[in-house]
Amino acid sequence: MANSPEMRASDADRDRVAAILREHTAQGRITMDEFNERLEQLYQSKTYGELARLTSDLPDVDLRHLPVKATEKRDLHSGMRAAWGAWAVASGVNWVIWLIVSVTSSDMVYPWPLWVMGPWGVILLMSTIFGNNQPKRS
């Protein structure tokens, strides 16, 4: 069923139109004053017809093909996630062994798991921060 102009718009519909207006402002088609006026009208709009009137004088914008912003968080690739997972599991196992030995002995046992997790963790941290976080392609 097609959206008729009388149908009620949702918050997601209004957010989509706000993104379109932001893109047209960034491209210089509308001024900041116009953007603010339209944004004010946008959040007072109740129907698809009212939303359509806000962008009727602007060309269509495909929001799926907008350039990715540089400020977006980059996810770690699966190899780096696996490396951190292996580090966490190995560290956990070493601490459990240390805890069992410490509890069953009468003396305080030196926290040797730090020597396992420390250097390995530092190397992983440096790889995560300064690496390109992209898997190697052959």
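Residues numbered from 1 in each chain as written. Predicted model: local features only at pLDDT ≥ 70, side-chain atom pairs only at ≥ 80, totals over all residues. Heavy atoms only, no water.

K.L.:
Please clarify how the nonpolar core should be interpreted in this entry.
P.N.:
Grouped burial of nonpolar side chains is what soluble globular proteins tend to show. Of all hydrophobic cores here, the largest spans 10 residues; its members are Ala9, Val17, Ala18, Leu21, Ile30, Phe35, Leu42, Leu51, Leu54 and Leu58. Of all the secondary structure elements, the ones that give two or more residues to this core are α1 (11-26), α2 (32-42) and α3 (48-54). Sort the elements by how many residues they give to this core and α1 lands first, with three residues. Those residues in contact with Leu58 that sit more than four places away from it in its chain are Leu21, His24, Arg29, Ile30 and Arg38. (Core = buried A, V, L, I, M, F, W, Y, C linked by side-chain atoms within 4.5 Å. Buried < 20%, exposed > 50% of the residue type's maximum accessible area, 1.4 Å probe, protein only. Helix = DSSP H or I, 4+ residues; strand = E, 2+ residues; numbered from the N terminus. Contact = heavy atoms within 4.5 Å.)

K.L.:
Would you mind going over the side chain of Ser45 with me for this structure?
P.N.:
Take Ser45: it is sitting in the loop between α2 and α3. Within polar-contact distance, the side chain of Ser45 engages the backbone oxygen of Gln41 at 2.8 Å. Apart from the residues lying within four places of it in its own chain, the contact partners of Ser45 are Arg14, Glu50, Leu51 and Leu54. (Polar contact = N/O pair within 3.5 Å; in protein donor to acceptor, adjacent residues only side chain to side chain.)

K.L.:
Got a minute to help me understand the packing of aromatic side chains in this structure?
P.N.:
Geometry of an aromatic ring pair is reported as the spacing of the ring centres plus the angle between the planes. All told, the structure shown has two aromatic pairs when counted by the stated rule. Seen from their ring centres, Trp84 and Trp87 are 5.4 Å apart, and the 80° between their planes marks the pair as edge-to-face. Of this pair, Trp84 and Trp87 both sit in helix α4 (residues 78-104), three residues apart, which is roughly one turn of the helix. For Trp84, a relative accessible area of 23% gives the class partly exposed. Judged by its relative accessible area of 18%, Trp87 falls in the buried class. When the centroid spacing of 5.2 Å and the interplanar angle of 85° are considered together, the rings of Trp95 and Trp98 count as edge-to-face. Taken as a pair, Trp95 and Trp98 lie in helix α4 at a separation of three residues, close to a single helical turn. Of the residues examined, Trp95 reaches a relative accessible area of 27% and is grouped as partly exposed. Here Trp98 falls in the buried class, since its relative accessible area comes to 15%. (Phe/Tyr/Trp six-rings, centres within 6.5 Å; stacked < 30°, edge-to-face > 60°.)

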